[in-house]
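# Observations on chain architecture
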Amino acid sequence: GAGTAVATGYKHLIKKDARKRIICIEGNIASGKTTCLDYFAQTTSIEVLKEPLTKWRNVRGHNILGLMYQDASRWGITLQTYVQLTMLEQHTRPMISPIRLMERSIHSAKHVFVENLYRSGKMPEVDYAVLSEWFDWIQNNTDVSVDLIVYLQTSPKVCYERLKTRCREEEKVIPLEYLEAIHELYEEWLIKRALFEVSCPVLVIGADHDMQKMIEKYEENRDQILNSPN
Ligand code: DCP
């Protein structure tokens, strides 16, 4: 009856093209995701979706990334609600190439950034509950699946040094402890598999090296990243 249809959702009606491949580049703030994406963007047959950072900095005139860093307790839910929307928009955008490379994902937004706000006491349980309900609905009713996660594994100290040289205005207030907390959650999620299910393969690449060495590593791992195993 109607009740059953509602309970099961309509996910079974969404069919992903089996020949298409979606890869997320994951890692701490300033772990070098941009370098990785820029390297692969030179390849034809790959589409690259950068994180919708410009949107987070300007929602109808409001910089909610900046607000969040100024007062995470007040603006954490605001930023993360919008991050979740813009990430959903990225995941569900029709693919125009056989291979899609994404910067981060709706999954790390939830399992790393929202989780961190909640655990550090900066997000009330009720906000966390509402975001989780949204996230679960999205997972059950849309296709936000990925085929491979590339985890750029860094030490928080290296990210901290890079962050200081990069000097993005909003990020000037980020202390080392914040990067350590984000690192810890990435490790729990993708390495220790302690908290959330990881339903695709994870390729871990050490990313403390300089840019030239990193590009060599991307070259070495190129086939593994781009070609599906079957
Ligand atoms: N951010 C957040 N919550 C999320 C996702 C991101 O608060 N769910 C913040 C962290 C950063 C900013 O958004 O301050 C941009 O994130 P990235 O680390 O992805 O962008 P970078 O440019 O730092 O990536 P990289 O240096 O690895 O290229």
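Conventions adopted
- Residues numbered from 1 in each chain as written.
- Predicted model: local features only at pLDDT ≥ 70, side-chain atom pairs only at ≥ 80, totals over all residues.
- Heavy atoms only, no water.
- Near = heavy atom within 4 Å.
- Polar contact = N/O pair within 3.5 Å; in protein donor to acceptor, adjacent residues only side chain to side chain.
- Areas by Shrake-Rupley, 256 points an atom, 1.4 Å probe, with all protein chains shown as cover.
- Phe/Tyr/Trp six-rings, centres within 6.5 Å; stacked < 30°, edge-to-face > 60°.
- Buried < 20%, exposed > 50% of the residue type's maximum accessible area, 1.4 Å probe, protein only.
- Helix = DSSP H or I, 4+ residues; strand = E, 2+ residues; numbered from the N terminus.
- Lys NZ or Arg CZ within 6 Å of the ring centre and 35° of its normal.
- Patch = residues over 30% accessible without salt bridge, like charges linked within 9 Å, V, L, I, M, F, W, Y side chains within 5 Å.
- Salt bridge = Lys/Arg side-chain N within 4 Å of Asp/Glu carboxyl O.
- Core = buried A, V, L, I, M, F, W, Y, C linked by side-chain atoms within 4.5 Å.
- Pairing = 2+ DSSP bridges.
- Axes fitted to C-alpha atoms, helices over the stretch in contact; angles between N-to-C directions.
- Contact = heavy atoms within 4.5 Å.
- Disulfide = S-S within 2.5 Å.

What follows covers the site of the ligand. Taken together, 22 residues form the shell around the ligand, and within it Thr34, Glu51, Tyr69, Arg104 and Glu171 come nearest. In the model, a nitrogen atom of the ligand is placed 3.0 Å from a nitrogen or oxygen of the Gln80 side chain. In this structure, Glu171 approaches the ligand through a side-chain N or O atom, which is 2.6 Å from an oxygen atom. Coverage of the ligand by the protein chains reaches 97% of its 590 Å² of free accessible surface.

Moving on, we get to the packing of aromatic side chains. Where two aromatic rings form a pair, the distance of their centres and the angle of their planes describe that pair. Under the definition given, this model contains seven aromatic pairs. Between Tyr39 and Phe40, the ring centres sit 4.8 Å apart and the planes meet at 80 degrees, which makes this aromatic pair edge-to-face. Like Phe40, Tyr39 is buried. On the numbers, 4.0 Å between centres and 10 degrees between planes, the contact of Tyr118 with Tyr128 is stacked. Of the two residues, Tyr118 sits in helix H6 (residues 106-119) while Tyr128 sits in helix H7 (residues 125-141), which places them ten residues apart along the sequence. Judged by its relative accessible area of 27%, Tyr118 falls in the partly exposed class. The buried category is assigned to Tyr128, whose relative accessible area is 14%. The structure contains a cluster of three or more aromatic residues connected by ring pairs, namely Tyr39, Phe40 and Tyr218. Note that Arg74 overlies the ring of Trp75, its terminal NZ or CZ placed 3.9 Å from the centroid.

This brings us to a nonpolar patch on the surface. Together, Val126, Val130 and Trp134 line one region of the surface with nonpolar side chains, adding up to about 320 Å² of accessible area. Residue placement: Trp134 occurs in helix H7.

This paragraph deals with the environment of Glu125. Of note, Glu125 is situated in helix H7. Overall, Glu125 belongs to the exposed group, its relative accessible area being 57%. Glu125 sits 83 residues away from Asp208 along the chain, and the two C-alpha atoms are 35 Å apart.

Right, let's get into the nonpolar core. Ranked by size, the top nonpolar core spans 46 residues in total, and within it Ile29, Tyr178, Tyr186 and Trp189 carry the most contacts. Top contributing element to this core by residue count: helix H9 (residues 176-190), with seven residues. With 19 residues, the next largest nonpolar core counts Ile25, Tyr39, Ile99 and Leu203 among its residues.

For the rest of this paragraph, the subject is unusual backbone geometry. If you check the backbone angles, Ala30 has positive phi at about 65 degrees while not being a glycine. Among the structural elements, Ala30 can be located in the loop between strand E1 (21-27) and helix H2 (33-41). Phi at Arg104 takes a positive value of approximately 55 degrees, unusual for a residue other than glycine. Structurally, Arg104 can be placed in the loop between strand E3 (99-103) and H6.

Now for the sheet that holds E1. Taken in spatial order, the five strands make up an open sheet running E2-E3-E1-E4-E5, and their pairing is parallel. Two strands in the sheet have a free side with no partner beyond their single neighbour: strand E2 (46-49) and strand E5 (202-206). If you compare each strand with its neighbour and ignore which way they point, the axes differ by 20 degrees on average. With five bridges connecting them, strand E4 (residues 148-153) and E5 associate as parallel partners. Of the residues in E5, the one forming a bridge with Tyr151 is Val204. On the sheet, helix H10 (residues 211-226) packs against E1, E2, E3, E4 and E5 and is oriented at approximately 170 degrees with respect to E5.

What follows covers the state of the cysteines. According to the stated counting rule, one finds zero disulfides in the structure shown. Considering cysteine sulfurs only, Cys36 is the nearest to Cys159, which forms no disulfide, with 14 Å between them. On the basis of relative accessible area, Cys159 is assigned to the buried category, the value being 0%. Distance from the sulfur of Cys200, which forms no disulfide, to the nearest cysteine sulfur (Cys24) is 7.1 Å.

These figures come from the coordinates and say nothing about function on their own.
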